[in-house]
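# A structural walkthrough
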Amino acid sequence: MSAPMTKTDAKNFLASGLGIALFSSAVFGTSGSFAKSMLETGWSPGAAVAVRLTGAALILAIPAVVVLRGRWHQLKENWLTILLFGLIGVAGCQLFYFNAVARLSVGVALLLEYLAPVMIVLWLWISTRRRPRALTAAGALLSLGGLVLVLDLTGAVKVDFVGVLWGMAAAVCLVIYFFITAKENDTLPPLVLASGGLLVGAVVMWLVGGLGLLPMTFSTADTTLGPWTVPWWVSAVGLIILATVLAYVSGIMAARSLGSKVASFVSLTEVLFAVIWAWLLLGELPGPIQLLGGLLIVGGVVLVRVDELRGDRRAAGARALDHPNDVEPVPSGPAAEGR
């Protein structure tokens, strides 16, 4: 029998980035339930996304200004990162996903978007010309198999070629999101990156809606969450604070700690969390196949993480052999910076 987790173990788990990444996936997973409760009362997807991003940007604006006090030069140095994050990682990803949903089933559209981790592995393979190790490849296949089971893509599935292209575009945006948020040399605090990106995303959504490219329909009717009937703003607040503010800030922190590849695989657990939240808030009970899929996703994440750690140890050992007479190097990276 294994010993119970101590406070030190819990701190180490959070410090590793895995705990933060799982928390990010858990709160990101609430977005579907909160949004669906609003969409069922007449909200259009574009309106829900615009309100979500605008509210989150306003909430994060004040703490972002406090963090930037005396360091405003960081905005000038990182304006392109903020612009790309907001335009592609926030607005583009959501906009393309909703276009895919308009032509495909939600399950197929979500599965296409979450091809992003496989795209990252393939991109790293092509760009570095180094074939992924066996555990990473196995983790990728296991996670994708788990996604298929969690989404329960059985029965007649509507397939539309244009919808597939929209879903693939959303996946590409998700890849860029992970690469942007995992930049280790970026001095911009996660809070500022999230605030700036959400603001850019909100402006883009309002512009797209204002130009008539995306329907913008709002409603003040009560929404239903679990056994409760609540005012519309309760669902909106949950969508803004839980599914956006906390989700994006913690997601950026996790990506910088774990790197784009591992963070992208951990994010696959968002699908499992989304199923759980839908069960609790919408009464959509997951079946045994979906629970099995969740276990496969977690197993795939563990394989990729173990492979990453083994690779880091090998690299550290190689550096030690190259410099046998050197003193122990000064630690670097997120842990050394006290993040």
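First, a word on what this report is: a plain description of the structure on this page. Since the structure is predicted, the reported quantities are computational estimates derived from the model, not experimental observations.

The rules behind each value
- Residues numbered from 1 in each chain as written.
- Predicted model: local features only at pLDDT ≥ 70, side-chain atom pairs only at ≥ 80, totals over all residues.
- Heavy atoms only, no water.
- Axes fitted to C-alpha atoms, helices over the stretch in contact; angles between N-to-C directions.
- Helix = DSSP H or I, 4+ residues; strand = E, 2+ residues; numbered from the N terminus.
- Parallel < 35°, antiparallel > 145°, perpendicular 65-115°, else oblique.
- Left-handed = near helix turned anticlockwise from the far one by under 90°.
- Contact = heavy atoms within 4.5 Å.
- Nonpolar A, V, L, I, M, F, W, Y, C, P; charged D, E, K, R; others polar.
- Expected span 1.5 Å × (residues − 1).
- Buried < 20%, exposed > 50% of the residue type's maximum accessible area, 1.4 Å probe, protein only.
- Arc of directions from axis to C-beta.
- Polar contact = N/O pair within 3.5 Å; in protein donor to acceptor, adjacent residues only side chain to side chain.
- Bend = angle between axes of the 7 residues up to and from the residue.

Where helix H2 (residues 18-28) meets helix H14 (residues 269-282), the axes come as close as 7 Å, and the angle between the chain directions of the two elements is 45°. On the basis of their axis angle, the class for H2 and H14 is oblique. Here H2 runs over H14; the crossing is right-handed. Within the contact between the two elements, H2 uses Leu22, Ser25, Ala26 and Phe28 and H14 uses Thr269, Glu270, Phe273 and Trp277. Residues that form the contact of H2 with H14 fall into these classes: 5 nonpolar, 2 polar and 1 charged.

Spanning 13 residues, helix H8 (residues 116-128) covers 18 Å between terminal C-alpha atoms, matching the ideal 18 Å at 1.5 Å per step. When we look at burial in H8, the residues that qualify are Ala116, Pro117, Ile120 and Val121. Down the axis of H8, the sector holding all buried residues measures 150°, keeping them to one side. Just past H8, the residue Arg129 takes up positive phi, approximately 60°.

The subject of this paragraph is the packing of helix H11 (residues 190-210) against helix H12 (residues 232-258). Orientation of H11 relative to H12, taken along the N-to-C sense of each, is 130°, at an axis distance of 9 Å. When the axis of H11 is compared with that of H12, the two are oblique. Of the two elements, H11 crosses H12, and the hand of that crossing is right-handed. Contacts from Pro190, Leu191, Leu193, Ala194 and Leu198 of H11 reach H12 at Thr244, Tyr248, Val249, Ile252, Met253 and Arg256. Here the residues of the contact of H11 with H12 sort into 9 nonpolar, 1 polar and 1 charged.

Turning our eyes to something else, we now look at the side chain of Thr30. With respect to the helices and strands, the residue Thr30 is situated in helix H3 (residues 30-39). Thr30 gets classed as buried once you look at its relative accessible area, which sits at 2%. Separated by 2.6 Å, the side chain of Thr30 and the backbone oxygen of Val27 make a polar contact. Once residues lying within four places of it in the same chain are set aside, the contact partners of Thr30 are Leu242, Ala243 and Trp277.

If you check H12, its first and last C-alpha atoms are 37 Å apart, about what 27 residues at 1.5 Å a residue would give, namely 39 Å. Bending of H12 peaks at approximately 35° at the position of Ala247. Where H12 ends, the next residue or the one after it, Gly259, has phi of about 95°, a positive value.

Time to look at the environment of Ala56. With respect to the helices and strands, the residue Ala56 is situated in helix H4 (residues 45-68). Overall, the relative accessible area of 0% leaves Ala56 in the buried class. Sequence-distant contacts of Ala56, that is, excluding residues within four places in its chain, are made with Leu198, Ile240, Thr244 and Val245.

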